[in-house]
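# Coordinates in review
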Amino acid sequence: MENQTKPRHFIQRIIDEDNISGKFENRVHTRFPPEPNGYLHIGHAKSICLNFSIADEFGGKCNLRFDDTNPIAEEEEYVHSIQADVKWLGYDWEDRLYFASDYFQQLYDYAIDLVKSGKAYVCELTPEEIRETRGNLKEPGKESPFRNRSVDENMDLFTRMKNGEFPNGSRTLRAKIDMAHPNMNMRDPVIYRILHAHHHNTGDDWCIYPMYDWAHGLEDSIEGVTHSLCSLEFEDHRPLYDWYLEALDVYRPQQIEFARLNLSYTIMSKRLLKQLVDDNHVSGWDDPRMPTLSGLRRRGYTPGAIRNFMDEIGVAKRNNVMEMTKLEFALKSDLNKRSQRRMAVLNPLKVVITNYPEGEDELLDAINNPEDESAGKRQVPFGRELYIEQDDFMEDPPKKFFRLGPGREVRLRYAYFITCNEVVKDENGNITELKCTYDPETKGGNAPDGRKVKGTIHWVSAKHAINGDVRLYDRLFCVPNPASKENFIEALNPDSLTVINECKMEPELAHSEIGITIQFERLGYFCKDPDSNDNPIFNRTVPLRDSWAKIEKQLHSGAKN
RNA sequence: UGGGGUGUCGUCUAACGGUAGGACAUCAGAUUCUGGUUCUGAGGGUCGGGGUUCGAUUCCCUGCACCCCAGCCA
């Protein structure tokens, strides 16, 4: 059972069979074809990982190709961010960076071929008329009155469309297929539309732009793609994909559809994500609450975590909604292995060690990463006045509480055992300070007499602490499937961001780098935000598992009964 | 009610006619200088009904449920 190989998903099996039959001469060539109309999100990462890993596994290649056929939606900014994100994930398209717009002339020439063979015509129906004559799910459409023009007339009109003689929306080039076809995509689909618009890549060279169905299969064909992997909603388009390639008698890649990734409590629609950005519900595409790759990166996610996650979730055809806990598990297991540990106190409570000599301090050894000996050790300053977490003290603790309380002894991580002797309060009864004593014999964290303590808590020396802000993130939405709401904005979680100022951090944290995720012991993983200046800001990537919170919950629900 | 897809633990995903397995989640326990990590264990599933078969998640029939399609978006 140790040597069981991972089961192969349906796409791998299809390729296995193609390699046996020699369908593509044992070649495997995939592509990741984003439209530059927004930032990439975790759903795209599934496609990226799939396409690049398939190519890698079979010794093939994977292209990065921008499907930039709609200048109205596309922007240069997005082509840069998309490349950065794919690289960050760790994939390399080598010299194969392509644009659909690089093929515009060739795509146009192919359209001429189609016109000449009598399989396409220039239609002068308005968009509304096209819609009305398309029929519906149970009724066939009606043929366009322009359907049977001569080849010469079509050539003339199409050339003039290209030359800019007609306004937007006045004419289209349509494939002559079957207005009664049960598949709506086959009811004389539009091939070219007139769009007098500036294109990020081709400028004003063109005023007609190809539709997705025309462009995509031809791009795949031109690039010699073997397996064109796309999401389920394109299943209905496959007959058209094949029809075009067959009509043109060109090389035919194989389109295979798989189920895209969905994650609970978030949205995976570029349109909706853009709305969050445009309406300032988040700080930008890279807001750490966003499911975008740039957001996850800023949050402190690692490429390895995302790739491992994709490896775990599999590839199939059934619609799915992954639970966020699965992603977070992949994250934490990656971070646990590679993150250095530090101590930081988010909600400080002052502790005075009354028997520690005044004015003195010392340095204590702390392990950087118990999971990785090579990470070494560091020294943390200790002194008479410290900060501990407010949650780590209870004046009247329940039996299962292992932390500090009046008369109780706990271990300060990597330091000493301390016992709480006195609780100092202000006039309102709020606890402001604890007076404790330490046992000098327990330096380093162990008692020579062998006595044990139940709890170990983290701390920071008051004198040496640096201040910093911490941003605690929670899920962006309150409901499992926000996109299904009439108005998804209403499902936004009002508590998705909590900022804590003046947290107390061990001095070593002054040197932490942006983009490197570290663990604040007992709290979670944190990553320094680019907004940081002299005052560091840390984003909480993900909290650590908190089994005390679970016990506390049980205690409370038990109390009600 | 046309066409195209999909139905396996709560959530993902295997099993390709031969003991329904794994992961996450949940619960219980052990270990631990992080109530982290690690380890052990438990509960929990084949959409329904027929049929073929020694044997069906798998094949056949028949229902049912869910998703996608009526952009000059991709």
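Residues numbered from 1 in each chain as written. Chains lettered and ligands numbered in written order. Predicted model: local features only at pLDDT ≥ 70, side-chain atom pairs only at ≥ 80, totals over all residues. Heavy atoms only, no water.

### Considerations on the overall build of chain A
How we decide: Counting from the N terminus, the helices are the DSSP runs of H or I reaching at least four residues and the strands are the DSSP runs of E reaching at least two. Here the term buried applies to any residue with accessible area under 20% of the maximum for its type, exposed to any over 50%, and partly exposed to those in between, with areas from a 1.4 Å probe on protein chains only. Only heavy atoms matter for contacts: two residues are in contact if any of them lie within 4.5 Å across the pair.
When you go through chain A residue by residue, the secondary structure sums to 13 helices and 25 strands. Dimensions of chain A, computed from C-alpha atoms along their principal axes, come out at roughly 100 × 55 × 50 Å. Classification of the 561 residues of chain A by burial places 52% in the buried group. Look at the contacts in chain A between residues 6 or more apart in sequence, and 71% of them connect residues 24 or more apart.

### Some remarks on the domain arrangement of chain A
Put simply, the rule is: Domain boundaries shown here were taken from an automatic or database domain assignment. Joining two parts hides part of their accessible area as seen by a 1.4 Å probe, and the buried area is that hidden amount summed over both. One side-chain nitrogen of Lys or Arg within 4 Å of one carboxyl oxygen of Asp or Glu is enough to make a salt bridge. The definition of a polar contact used here is a pair of N or O atoms within 3.5 Å, where within protein one atom must be able to donate a hydrogen and the other to accept one, and adjacent residues in sequence count solely through side-chain atom pairs. Three classes are used, and their members are as follows: Ala, Val, Leu, Ile, Met, Phe, Trp, Tyr, Cys and Pro are nonpolar, Asp, Glu, Lys and Arg are charged, and the others, Gly among them, are polar.
Split by domain assignment, chain A resolves into domain 1 (10–260), domain 2 (270–340 + 468–560) and domain 3 (344–458). The centre of domain 1, based on its C-alpha atoms, is set 36 Å off from the matching centre of domain 2. Facing 27 residues of domain 1, the contacting portion of domain 2 comprises 25 residues. At the boundary of domain 1 with domain 2, total buried surface from both sides reaches about 2300 Å², with 66% on carbon and sulfur atoms. Of all residues in domain 1, Tyr-39, Ile-42 and Trp-88 bury the most surface against domain 2, accounting for 31% of the area lost on that side. Counting across the domain 1 and domain 2 interface gives three salt bridges. Glu-257 is the partner of Lys-317 in a salt bridge, and the nearest nitrogen-oxygen pair spans 3.7 Å. At the surface where domain 1 touches domain 2, the tally comes to eleven residue pairs in polar contact (both at pLDDT 80 or more). Within the residue set of the side of domain 1 that touches domain 2, elements represented by two or more residues are helix H1 (10–21), helix H2 (42–57), helix H3 (76–89) and strand E9 (254–258). Among the elements that make up the side of domain 1 that touches domain 2, the one with the highest residue count is H2 (six residues). A class-by-class count of the residues in the side of domain 1 that touches domain 2 yields 16 nonpolar, five polar and six charged.

### Considerations on the protein's contact with RNA strand B
Basically, it comes down to this: If even one non-hydrogen atom of a residue comes within 4 Å of a molecule or strand, that residue is called near it.
Near RNA strand B there are 68 residues, and of these Arg-13, Arg-341, Arg-403, Gly-444 and Gln-519 occur at the shortest range. Sugar and phosphate atoms represent 63% of those atoms of RNA strand B found within 4 Å of the protein. Between RNA strand B and the protein, one listed contact pairs a phosphate oxygen with a side-chain N or O atom of Arg-193 at 2.8 Å. At a separation of 3.3 Å, a base nitrogen of RNA strand B approaches a polar side-chain atom of His-237. Looking at side-chain class alone, the surface near RNA strand B contains 25 nonpolar, 18 polar and 25 charged residues.

### So, the packing of helix H4 (residues 104–116) against helix H8 (residues 238–248)
What counts here: Helix axes are fitted to C-alpha atoms over the stretch in contact, other axes to C-alpha atoms as well, and angles between N-to-C directions run from 0 to 180 degrees. When an angle is under 35 degrees it counts as roughly parallel; over 145 it counts as roughly antiparallel; between 65 and 115 it counts as roughly perpendicular; any other value is oblique.
Taken N-terminus to C-terminus, the directions of H4 and H8 make an angle of 75°; their axes are 10 Å apart at the nearest point. Accordingly, the angle class assigned to the pair H4 and H8 is roughly perpendicular. Here H4 contributes Tyr-110, Asp-113 and Leu-114 to the contact with H8, which in turn contributes Trp-243, Ala-247 and Leu-248. Looking at the contact of H4 with H8 residue by residue, the classes come out as five nonpolar, no polar and one charged.

### A closer look at the sheet that holds strand E19 (residues 456–457)
What counts is decided by this rule: Strand pairing is defined by DSSP finding a minimum of two bridges between the two strands.
Within the open sheet, the seven strands sit side by side as E19-E16-E17-E18-E12-E15-E20. Their pairing is mixed. Edge strands, defined here as strands with exactly one partner in the open sheet, are E19 and strand E20 (459–461).

### Here we look at the sheet that holds strand E1 (residues 29–32)
Within the open sheet, the three strands sit side by side as E1-E2-E3. Their pairing is parallel. Sheet topology places E1 and strand E3 (97–99) at the edges, where each strand pairs with a single neighbour. In this sheet, neighbouring strand axes are inclined to one another by 35° on average, regardless of whether the strands run parallel or antiparallel. Here strand E2 (residues 61–66) runs beside E3; their pairing, made up of three bridges, is parallel.

### A short note on the packing of aromatic side chains
Keep this limit in mind: Stacked, edge-to-face and tilted labels apply to pairs of Phe, Tyr and Trp rings (six-membered ring for Trp) whose centres lie within 6.5 Å, assigned for plane angles under 30 degrees, over 60, and everything in between, in that order.
Tallied over the full model, the rule gives 23 aromatic pairs. Both rings, one in Trp-214 and one in Tyr-244, keep their centres 4.9 Å apart while their planes meet at 85°; by these two values the pair is edge-to-face. Taken together, the positions of Trp-214 in helix H7 (residues 212–222) and Tyr-244 in helix H8 put the pair 30 residues apart, joining distant regions of the chain. No difference in accessibility class separates Trp-214 from Tyr-244, as the two residues are buried. Taking the centre distance of 4.8 Å and the plane angle of 90° together, the rings of Tyr-416 and Tyr-438 count as edge-to-face.

### Here we look at the environment of Leu-64
The residue Leu-64 is located in strand E2 in this model. Contact partners of Leu-64, with chain neighbours within four places excluded, come to Phe-32, Pro-34, Gln-83, Trp-93, Arg-96, Leu-97 and Tyr-98.

### A closer look at the confidence of the model for chain A
Going by this rule: In predicted models, pLDDT denotes the confidence assigned by the predictor to each residue on a 0 to 100 scale.
Taken over all residues, the pLDDT of chain A has a mean of 96, while the share at 70 or more is 99%. Scoring of the predicted complex yields 0.96 for pTM and 0.97 for ipTM.

### Re the pairing of strand E15 (residues 385–389)
Of all five residues in E15, four are buried; the element is thus mostly enclosed. Of the strand pairs in this sheet, strand E12 (residues 348–353) and E15 are connected by five bridges, and their pairing is antiparallel. Each residue of the ladder has a partner; that of Pro-348, found in E15, is Glu-389. Pairing of E15 with E20 involves three bridges; the strand directions are antiparallel. Within the sheet, the bridge partner assigned to Leu-386 lies in E20 and is Ser-461.

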